[in-house]
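# Geometric and topological summary
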Amino acid sequence: MIETSSSIGIINEKFNRNNLFLTTDSVEVLATQESTKLDEFIEYLKKRNVTFVGRDHIDSFFYPQVEAEATFEYTGENLPLDEFVPATPLTADHDFRIIKDVTRKVLSEGTCKNFVDMFRSRYRKLSRMFRAKPTMRDFQPLSVVKKMKIKDMVKTVGIVTDCGTTRNGHTILTLEDETDSIKALLHSRNETLAEQARTILTDEVVGVSGILGQDIIFVNHLEFPDIPGREPNHSEEDIWVAVTSDLHVGSSSFMEKAFLRFIRWLNLKYDHRAEIARKIQYLLVVGDLVDGVGIYPGQENDLVIPDIMEQYRNLATLLKLIPSHITLILAPGNHDATRIAEPQLPILEEYAPDLYSMENVRMVGNPCFLDLHSVKVLLYHGGSLFDFLALQKEHDDASVPMVEMLKKRHLCPMYGNVPMAPSEEDLLVIEDVPDVFVTGHIHVNSYQNYRGTTVLNAGCWMEQSEYQKTRNIKPTPCKVPLLNLKTYNMLVMDFGA
Ligand SMILES: [Fe+2]
């Protein structure tokens, strides 16, 4: 349908009447929607106190939404490790492959050259994404931009090597590509730019267009690589995936009883939602499987199992109680026995031989990109989440920074806080668009849908630590998100007592 100016006029008027303001881009998209849907959309925006309506709001409303429900009434029965009878028949063949994983081949010497190569790789991968965007495809390298005439309109893409604020409150970026560098000024009176400026991290790649000054671009428009809005891939089979992370086995705060309750539920020991338990074919665990040793000063006082191999043996004992037709995909976190620098290799076999000997276990790296029955799943423990959370008021909703990662198409843009193992290729660029994106690390369950991608943080199995108290992070232990790969229905089960 071709939008007419009258329909655009009507839409503008309708939204203005409700104190909602649309960008030109938004009006054009809305002009193609049914008018009844528009009323629902207005209600949706009003409930969220939105004033300026952008593409993100449209995408979040019109693309499939996650339906969540916190459930599970625990009846209080005792929890002996009784006979776990394999009770769940397979509903479909397993069909998964690892699309991209870090392997033992990805070794790094941490040399200066490794870092240069990694940033070059980042720039090349992300600038290719800008080349594919209609709005940015004619961008020029900085060496060309700098030869243009003052007051010319310019368009370029660069790594943000510095981000500061001027005395007048404007944001000033230093952008660099393989040919040159230049300053870029984002005026504080431009609300869109000011909003974008608040989310910028150093070492990310952005696209800008604006007017050239003397060694500076006065920016009119800034873009992130971003993901396109789209319908996600669906599994043909009616399959559920359980997602969890941050068990911290070995810590005195590990909530073993609740974890056993989850295992009993997987074994159909409860009627509650048994129809879903029967269809779970994968359990994704996104890091911090054990508490580890020597991770922070004084950790020995918080451990009930001080030996890391013993911690993994205990974990294996628990995981062996899960019905064997459920494939367990285990990725490491910063507490696990592998290098701490990202990308992380899988947990090392010498520390966890029992896990490696389990037929239904696949040990993967961090990050890892999987194909589960055609659904593309990105797993990342979440080392960089605190870099992002430092920029926002809300300190424990991981789904907000996860959306930022998707916009920036990078899992850990800022160099400095998260240990990094540089290599020829920057493996933390989000090259392919995931349908499902999972992190852990923050210990707080949260989720949302962004442009068709289901974004979720798993939660944890650990009570609030002293460290979390100092950061005012309130964990949500024992919650397990369950996702249907065919319908994208989601339930969050709470196994806490
Ligand atoms: Fe953790």
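Residues numbered from 1 in each chain as written. Predicted model: local features only at pLDDT ≥ 70, side-chain atom pairs only at ≥ 80, totals over all residues. Heavy atoms only, no water.

## Comments concerning the environment of S252
Along the chain, the position of S252 falls in the loop between β10 (240-244) and α8 (256-266). Judged by its relative accessible area of 45%, S252 falls in the partly exposed class. Along the sequence, S252 and L303 sit 51 residues apart, while their C-alpha atoms lie 5.4 Å from each other. When near neighbours in sequence (up to four residues on either side) are disregarded, S252 contacts D302, L303 and V304. (Helix = DSSP H or I, 4+ residues; strand = E, 2+ residues; numbered from the N terminus. Buried < 20%, exposed > 50% of the residue type's maximum accessible area, 1.4 Å probe, protein only. Contact = heavy atoms within 4.5 Å.)

## Comments concerning the coordination of the iron ion
Bound to the iron ion are the protein donor atoms D246 (OD), H248 (NE2), D288 (OD) and H443 (NE2), situated 2.0 to 2.3 Å from the metal. Its four donor atoms give the iron ion angles of 85 to 174 degrees at the centre, a pattern that matches the irregular case. Each donor residue of the iron ion lies on the same chain, and together they follow the pattern D-x1-H-x39-D-x154-H. Taken as a pair, D246 and H248 share a single burial class, namely buried. (Donors = N, O, S within 2.8 Å, 3.2 Å for Na, K, Ca; no water. Tetrahedral: all angles 85-135°; square planar, octahedral: opposite > 155°, others 65-115°.)

## Thoughts on the pattern of salt bridges
Following the criterion strictly, the structure yields 22 salt bridges and no others. Across the salt bridge formed by R230 and D435, the nearest N and O atoms sit 3.7 Å from each other. Taken together, the residues R230 in the loop between β9 (216-223) and β10 and D435 in the loop between α13 (399-408) and β16 (436-439) connect sequence positions 205 residues apart. In the salt-bridge network here, residues are joined through shared partners; they are E204, E404, K407 and K408. (Salt bridge = Lys/Arg side-chain N within 4 Å of Asp/Glu carboxyl O.)

## A short note on the side chain of T453
Within the secondary structure, T453 sits in strand β18 (residues 453-457). Discounting chain neighbours no more than four positions away, the residues touching T453 are I227, R230, L406, V433, P434, D435, V436, F437 and Q448.

## Brief notes about the sheet that holds strand β6 (residues 171-176)
Around the barrel, five strands lie side by side as β5-β6-β7-β9-β8; this closed barrel has mixed pairing. Averaged over all pairs of adjacent strands, the angle between their axes in this sheet comes to 55 degrees, without regard to strand direction. (Pairing = 2+ DSSP bridges. Axes fitted to C-alpha atoms, helices over the stretch in contact; angles between N-to-C directions.)

## Section: the nonpolar core
In this structure, F262, W265, L355, W461 and L482 are the most contacted members of the largest nonpolar core, which totals 46 residues. Sort the elements by how many residues they give to this core and α8 lands first, with seven residues. With sequence-adjacent residues up to four places away left out, L355 is seen in contact with Y312, L315, A316, L319, L330, V361 and M363. Among the nonpolar cores identified, the runner-up in size contains 29 residues, and M118, F388, I430 and Y450 belong to it. (Core = buried A, V, L, I, M, F, W, Y, C linked by side-chain atoms within 4.5 Å.)

## Comments concerning the environment of V249
Locating V249 in the fold gives a position in the loop between β10 and α8. Given the relative accessible area of 2%, V249 is considered buried. Along the sequence, V249 and G292 sit 43 residues apart, while their C-alpha atoms lie 8.3 Å from each other.

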